[in-house]
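Inside the fold
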Amino acid sequence: MKTFVTCLVSFWLAGLAGAQTSVTSPNIIGFVKVDLPADQMQIIATPLNPANSGTNNPLMTLDQILGTNNLTASYDSFSADNVYLWTGAGYQSAWLTDDGWGGDGGPVWKWVYFDPGSPVPALCATNNAFDVKVGEAMWLLHRTTTTTIYLTGEIPQAAVTTTTLDAGLTMIGNPYPVVQSLDQLIGTNITGITASYDSFSADNVYLWTGAGYRSAWLTDDGWGGDGGPVWKWVYFDPASLVPALCATNSLFTVTPGQGLWYNARGGAFSWPVTRPY
């Protein structure tokens, strides 16, 4: 997946590229471009708030985040693009319907889900279980041919964006429209985070490649005596006797629009991310 951020304000774009400009003006609108391969799953996340929302990091509907957006819509969920939201124990699924349900009094060109109590699909926008916030992520299954979608909205101006990470697995996303390393995105000083010499005892992240996962873990100071990394996000490098720094490998950077899995070994905790611009 390739993404980049384009904004409608030229000075913002320049500042974003250099990461040197402090932007304080409200209602700066931008978009994130996400390329979707044909008939594949992607983990996506929006780093933008809805336009004119008036609040920081509000709940957003799938219609606000995705809309129709060059995606594949269909009367039939097995032919349409699908979204899968992780609940902690399984998935809630939704699909993008076309106008096929209109004659039955059903939804038209909306994100919907099956409601056993209704003869027509139910609108995701009427069920908070399908809402998503900045910092959270979801699976998107795109049918048919390769396409590009655009996630649009206001550039977040909050000094800190906080997301709750559950014990075990949570789907998360970069909450700001700036490419960040794992060390920038998930610092070692967060209360509740678990670091360890051993990857099976530490918190892990898993980045989807389209065919499998690229994994990393948060090490403590256990590798310091071997000349290895200390309190950093690392991965196994077969060519090295010590773990390699994720910060030195662009494959472990998190781009705007990209989501990933977080595996918390301890209990649930709050994950604050400081605004990087």
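Residues numbered from 1 in each chain as written. Predicted model: local features only at pLDDT ≥ 70, side-chain atom pairs only at ≥ 80, totals over all residues. Heavy atoms only, no water.

Considerations on the sheet that holds strand β5 (residues 91-96)
- Overall, antiparallel pairing links the six strands, which are arranged β3-β8-β4-β5-β6-β7 in an open sheet. The open sheet has two edge strands, β3 (40-44) and β7 (122-123), and neither has a second partner.
- Where strand β4 (residues 82-86) lies against strand β8 (residues 138-142), three bridges are found, and the strand directions are antiparallel. From the neighbouring strand, Asn 82 faces β8, where its bridge partner is Leu 141. (Pairing = 2+ DSSP bridges. Helix = DSSP H or I, 4+ residues; strand = E, 2+ residues; numbered from the N terminus.)

So, the pattern of salt bridges
- Scanning the entire structure with this criterion turns up one salt bridge.
- With a closest N to O distance of 3.0 Å, Lys 33 and Asp 35 form a salt bridge. (Salt bridge = Lys/Arg side-chain N within 4 Å of Asp/Glu carboxyl O.)

Here we look at the packing of aromatic side chains
- For the structure shown, the criterion picks out 16 aromatic pairs.
- With centroids separated by 5.0 Å and ring planes inclined at 65°, the aromatic side chains of Trp 208 and Tyr 213 adopt a geometry described as edge-to-face. (Phe/Tyr/Trp six-rings, centres within 6.5 Å; stacked < 30°, edge-to-face > 60°.)

Overview of the pairing of β8
- The buried count for β8 comes to five of five residues, which makes it a mostly enclosed element.
- Here β8 shows two buried faces, one formed by Met 138, Leu 140 and His 142 and the other by Trp 139 and Leu 141.
- Alignment of β3 against β8, held across five bridges, turns out to be antiparallel. Within the sheet, the bridge partner assigned to Gln 40 lies in β8 and is His 142. (Buried < 20%, exposed > 50% of the residue type's maximum accessible area, 1.4 Å probe, protein only.)

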